[in-house]
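A structural walkthrough
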Amino acid sequence: MTPAPTLPLLGFAAWSGTGKTTLLEQLIPLLVARGLRLGVLKHAHHDFDIDQPGKDSHRLRKAGANQMMVASRRRHARIIETELAEADFRELLASFDQTSLDLLLVEGFKHEHFPKIELHRAAIGKPLLFPDDRDIIAVASDQSADTTLPRLDINDLDAIADFVCDYLAGCQTREQGAGNGFLSVEAARDTILAALTPSSGCTLTPLAQCHGAVLATDLVSPINVPPHANSAMDGVGLRSDDLAAGRWQLVGEVLAGQQHHEPVLAGQAVQIMTGAPVPPGVDTVVMREETVMADGWVTIQAPIKAGQNVRQAGEDLAKGAVAIAAGTRLGAPQLGLAASLGQATLPVRTPLKVALFSTGDEVQAPGETLAPGHIFDSNRFTLMAQIRGAGCEVMDLGIIPDDQAVLRQRLAEAAASADLVLSSGGVSVGNADYIKGVLAELGHIDFWRIQMRPGRPLAFGKLGDTPFFGLPGNPVAAMICFLQFVEPAIARLQGRSWQPLRLSALASERMKSRPGRTEFLRGVFHQDGNGELRVRTTGPQGSGILSSMSDANCLIEIVPSQPGIAIGERVWIHPLQGRLA
């Protein structure tokens, strides 16, 4: 299953009688001629019918069908009765096949928040809408307008088409899925990674201390591995040009770590152990179980293939080849490989220092007596574990109170001594203005709202040259934001690539979501008797319910185009093994 992209939206706002539909009818052919694939969503303020009375579909719907679909080889249409409540705007958006469209034009839905062009004609006698509608991004009018917004001539359709195309191009980086500055998960992550430069710090470190470190430069093999042709098993070594002899005289035995310098001639053979260098002339080994030895002679009881069971010099790794690429995080296999090449030390990235703190007078450290209305600081401890799990050192700044002077001093000190600064709490739009003020004094920080749940509020920017992340205060939201944004940022600073493991699984239960945003549910997956992965949620999914994470072995990703998941439907899962250690 491939997640559908969040489709860019552009609306047209106007008073009744301005001619929105007429303008769209003329504008759409111009946009189509420029290669755009368009969808159109139009709101009607009254009952409407797209069927003609007397047609089969009309008769069946009137007979009582709640949903009616009529299809031909050229088109199909679905009619849904929504007598109890008007259809949800996001659900309507999700019903479009977003993979086959470039842009969705919307007429109406004036109370929904998404980017709009205002259409205005002086003859209507109505005031301009943009002063009271912050979603309007341009004004197309037949009279001048006192605004800093882009101004277009409502009668110049080519100019309006140019603006629409420019707007669409701008959406490729910052997807305005719902207006009001919302970013998709992918757009936010891409923006973050584009703002970061890998650290250049490097230290030559003893091999035994390199576990979890990131290799700074390519490790080039100084030798062939194996260094010489050798036997892959215990057996008898023969010449491949002498396999028809029938029986061979045993002229010696070669043990691992020893060498047999005398060449093996036609009619001769040697006993040889696993890993032992093959003598001159020998290039084929027969496993011991397929031989019979008696009185210094050997016969073979199985077919022989020339060259079998011999590992050639450099077969695993040739001298001069890259053994371990720069940017690799070193685990047990890489350390073993480096040791096999004789490396006592390795050049590794200097571990990143991450300064971490929590904010708020209501937050208390575990072990204290909890005051009324206060909460224990759990975020700092989960984030410390995640930071260390990413191969970084933690600078624990503790809990910083709601005091501008203290916050300014601690942030300035952290930015001067850390490679990255991380906080939790105080980043919701409209809250903790003093935090935003201090951050603005020390650097440039953007406060974003992300199209995801949990974890919508996020702050990112730099304190001087030091990257800063402000994570949500809710515990689960903070952990998931770390996984989605901070973990790849750390990988970028370490000079390594980042790509989460994502698997396809079948849902074992129904899962709800709101279209237009990415949902990360906490789940438990297993493999059934047929080898199929199946997944269920851990139960209640509130962003403050830490047990939903402690019981989970994966995140379940529901993409923006899905209003929900039915039992048996495929979903993406992100295994958490090794990511929350």
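Rules used in this analysis
- Residues numbered from 1 in each chain as written.
- Predicted model: local features only at pLDDT ≥ 70, side-chain atom pairs only at ≥ 80, totals over all residues.
- Heavy atoms only, no water.
- Helix = DSSP H or I, 4+ residues; strand = E, 2+ residues; numbered from the N terminus.
- Buried < 20%, exposed > 50% of the residue type's maximum accessible area, 1.4 Å probe, protein only.
- Contact = heavy atoms within 4.5 Å.
- Areas by Shrake-Rupley, 256 points an atom, 1.4 Å probe, with all protein chains shown as cover.
- Pairing = 2+ DSSP bridges.
- Salt bridge = Lys/Arg side-chain N within 4 Å of Asp/Glu carboxyl O.
- Core = buried A, V, L, I, M, F, W, Y, C linked by side-chain atoms within 4.5 Å.
- Axes fitted to C-alpha atoms, helices over the stretch in contact; angles between N-to-C directions.
- Phe/Tyr/Trp six-rings, centres within 6.5 Å; stacked < 30°, edge-to-face > 60°.
- Expected span 1.5 Å × (residues − 1).
- Bend = angle between axes of the 7 residues up to and from the residue.
- Parallel < 35°, antiparallel > 145°, perpendicular 65-115°, else oblique.
- Left-handed = near helix turned anticlockwise from the far one by under 90°.
- Nonpolar A, V, L, I, M, F, W, Y, C, P; charged D, E, K, R; others polar.

Our focus in this paragraph is the overall build of the protein. The number of helices and strands found in the protein is eleven helices and 37 strands. Burial statistics for the protein: of 581 residues in total, 44% are counted as buried. A sequence separation of at least 24 residues applies to 67% of the contacts in the protein between residues at least 6 apart. Surface accessibility of the protein: about 28800 Å² in total, with carbon and sulfur atoms responsible for 51%.

The next point concerns the pairing of strand S13 (residues 235-238). For S13 and strand S15 (residues 268-272), the ladder comprises three bridges, and the chain directions are antiparallel. Of the residues in S15, the one forming a bridge with valine 236 is glutamine 271. Pairing analysis gives four bridges linking S13 to strand S16 (residues 284-287), with the strands arranged antiparallel. Across the sheet, residue valine 236 finds its bridge partner in S16, namely valine 286.

Another point: the environment of leucine 411. Of note, leucine 411 is situated in helix H8 (residues 404-417). Judged by relative accessible area, leucine 411 falls into the buried class, the value being 1%. Along the backbone, leucine 411 and leucine 439 are 28 residues apart, and their C-alpha atoms lie at a distance of 8.2 Å. Excluding residues that lie within four positions of it along the chain, leucine 411 makes contacts with Phe357, Val421, Val438, Leu439, Leu442, Leu463 and Phe468.

For the rest of this paragraph, the subject is the side chain of serine 358. Mapping serine 358 onto the fold places it in strand S22 (residues 353-359). Using a relative accessible area of 2% as the deciding quantity, one classes serine 358 as buried. Leave out the neighbours within four places in its chain, and serine 358 touches Asp377, Arg380, Gly398, Ile399, Ile400 and Ser424.

This model, assessed by the stated rule, comprises 13 salt bridges. Residues arginine 579 and glutamate 487 are paired through a salt bridge, measuring 2.8 Å at the closest nitrogen-oxygen approach. Placement of arginine 579 in the segment after strand S37 (570-575) and of glutamate 487 in helix H10 (residues 475-493) is noted, with a sequence separation of 92 residues between them. Pair check on accessibility: arginine 579 and glutamate 487 agree, each one buried. Residues arginine 534 and aspartate 528 are paired through a salt bridge, measuring 2.7 Å at the closest nitrogen-oxygen approach. Three or more residues joined by partner-sharing salt bridges are found here, namely Arg453, Arg517 and Glu519.

This part is about the nonpolar core. Here is a general trend for soluble globular proteins: nonpolar side chains tend to be buried in one another's company. Core analysis: the biggest nonpolar cluster contains 40 residues, and Ile192, Leu422, Ile450, Phe469, Leu471 and Phe485 have the highest contact counts within it. Elements supplying a minimum of two residues to this core: helix H5 (185-194), S22, helix H7 (379-389), strand S26 (420-424), strand S27 (443-450), strand S29 (457-463), strand S30 (466-471) and H10. A total of twelve residues in this core trace back to one element, the largest contributor, which is H10. Excluding anything up to four places from it in sequence, phenylalanine 469 contacts Ile192, Leu420, Val421, Leu422, Ser423, Leu458, Ala459, Phe460, Phe485, Val486 and Ala489.

This next bit is on the sheet that holds S15. Strand order in this open sheet of six strands is S16-S13-S15-S14-S18-S17, and the pairing throughout is mixed. Lying at the two open borders of the sheet, with one neighbouring strand each, are S16 and strand S17 (291-294). With direction set aside, neighbouring strand axes in the sheet form an average angle of 40 degrees.

This paragraph deals with H7. The complete set of buried residues in H7 reads Asn379, Arg380, Thr382, Leu383, Met384, Gln386 and Ile387. Looking one or two residues beyond H7, the residue adopting positive phi is glycine 391, at roughly 85 degrees.

Moving on: the packing of aromatic side chains. Enumeration over the complete set of coordinates arrives at two aromatic pairs. Taking the centre distance of 6.1 Å and the plane angle of 40 degrees together, the rings of tryptophan 448 and phenylalanine 460 count as tilted. Residue tryptophan 448 is found in strand S27, and its partner phenylalanine 460 is found in strand S29; the two are separated by twelve residues along the sequence. Given the relative accessible area of 4%, tryptophan 448 is considered buried. Overall, the relative accessible area of 5% leaves phenylalanine 460 in the buried class.

Taking 1.5 Å as the rise per residue, helix H1 (residues 20-33) with 14 residues should run 20 Å; its terminal C-alpha atoms sit 20 Å apart, in good agreement. In H1, a bend of some 25 degrees at leucine 27 exceeds every other bend along the element, and proline 29, a proline, comes one to four places later. If you check which residues of H1 are buried, you get Lys20, Leu23, Leu24, Leu27 and Leu31. Following H1 by one or two positions, glycine 35 adopts a phi angle in the positive range, close to 95 degrees.

A word on the sheet that holds strand S7 (residues 136-141). Overall, parallel pairing links the six strands, which are arranged S2-S5-S1-S6-S7-S8 in an open sheet. Here the strands that pair on one side only, and so sit at the sheet edges, are strand S2 (38-42) and strand S8 (151-153). Put simply, the sheet's adjacent strands are angled 25 degrees from each other on average, direction ignored. Along the sheet, H1 contacts strand S1 (9-13), S2, strand S5 (103-107) and strand S6 (116-120); its crossing angle with S5, the most-contacted strand, is approximately 170 degrees.

The subject of this paragraph is the packing of H7 against H10. Their axes nearest at 10 Å, the elements H7 and H10 cross at an angle of 20 degrees. Overall, the two elements H7 and H10 adopt an arrangement that is roughly parallel. When you trace H7 past H10, the crossing you get is right-handed. Contacts from Asn379, Thr382, Leu383, Gln386 and Ile387 in H7 reach Pro475, Ala478, Met479, Phe482 and Leu483 in H10. Among the residues making up the contact of H7 with H10, the classes are represented as seven nonpolar, three polar and no charged.

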